[in-house]
Amino acid sequence: MLKRALLPLIALLPALAQPLLAADDNPFPFRKNYPDVKVIETDELKAKFEQYSIIDVRSPFEFGIMHIKGAHSVPVAENPFAERIKTLHKEANKPMVFYCNGHTCEKAYQAAIKARQMAGVSQVVAYDGGIFDWAESNPKLTSLLGKPELDPKALISEAKFKEHVLTPKDFIDKARAQAQAPVIDLRDTFQSDGISLFATRDIRTGFDMQRLKGILADARQRGQTVFFYDASGHQIKHLQYFVEDAGLKDYFFMDGGMVGYYNMIRAK
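Everything numeric here is computed off the predicted structure, so don't read it as measured data.

Peer 1: Is there a simple way to explain the nonpolar core in this structure?
Peer 2: By size, the foremost hydrophobic cluster in this structure holds 41 residues, and its most contacted members are L45, I54, I68, Y127, L216, F228 and L239. Other than its neighbours up to four places away in sequence, F228 contacts F171, I184, L186, L212, L216, L239, V243, Y251, F252, F253 and M254. Core analysis: the second largest hydrophobic core is formed by 25 residues, V74, F98, C100 and A119 among them.

Below, the structure is given as structure tokens:
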């Protein structure tokens, strides 16, 4: 019971920081929080591309969707992070660049600090433009869904992304109106345990891409709309590439995920 009571409170924590970010017009709002971390801009990284070991510190799912060509996947949240960084540094003997999703993602800065303090690598920088800035500027040096180069036409615009994002209220209303449509809960087990938006309909897949592929193929064949929600809305921009690649055109994401839902409830 205590676990179930605490989960909504835990899910709300990321939302509490959002007003602070929204009030900051700085395109890189976290740089001031990490003054000791040197950053590198997109143009400089492109010019010195071969001189660095490039480390993607996001989740394996995000890396699998899109990453900088030749980057190593070393999630900063993994326990063997420091050991893997030591090994990679020994093998390449190059300065290291860490990147994540960009602008409002702190993982690249955190990884640079951990690499210095825990792995003893002194020459580290953060590329805080992130994967989306890089993909837009350097598609030939970007891998998308396993393809060695990104076709610029495959980039999903912000306008197209927003076409498929609904407010929590509209998401729930639209899903309820389509009673046979699949509702996909993308959250990890510890996030979803005991909490469900559609108790008898939610399909809990996490980011099991093989399972998702089968569900999307079935929905496409049946002509069904598919509804997706995650923990905080941070994963859906990546997932959209996978959904589009699967040929599904009728789908919606819930803005802000469960955090957005709790914010809606709190505002009532």
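Peer 1: Before we go on, may I ask you to explain the pattern of salt bridges in this structure?
Peer 2: Scanning the entire structure with this criterion turns up 13 salt bridges. The salt bridge partner of E41 is R31, with a shortest N-O separation of 3.1 Å. Of this pair, E41 sits in the loop between α2 (18–22) and α3 (42–47) while R31 is found in the loop between α2 and α3, placing the two residues 10 residues apart along the sequence. Among the salt bridges present, the one from K237 reaches E158, with a minimum N-O distance of 3.0 Å. One end of the pair, K237, is in helix α12 (residues 236–245); the other, E158, is in helix α8 (residues 158–163), with 79 residues separating them in the sequence. Among the residues examined, K237 registers a relative accessible area of 26% and is labelled partly exposed. One salt-bridge network, held together by shared partners, links R31, E41 and D128.

Criteria and cut-off values
Residues numbered from 1 in each chain as written. Predicted model: local features only at pLDDT ≥ 70, side-chain atom pairs only at ≥ 80, totals over all residues. Heavy atoms only, no water. Core = buried A, V, L, I, M, F, W, Y, C linked by side-chain atoms within 4.5 Å. Buried < 20%, exposed > 50% of the residue type's maximum accessible area, 1.4 Å probe, protein only. Contact = heavy atoms within 4.5 Å. Salt bridge = Lys/Arg side-chain N within 4 Å of Asp/Glu carboxyl O. Helix = DSSP H or I, 4+ residues; strand = E, 2+ residues; numbered from the N terminus.

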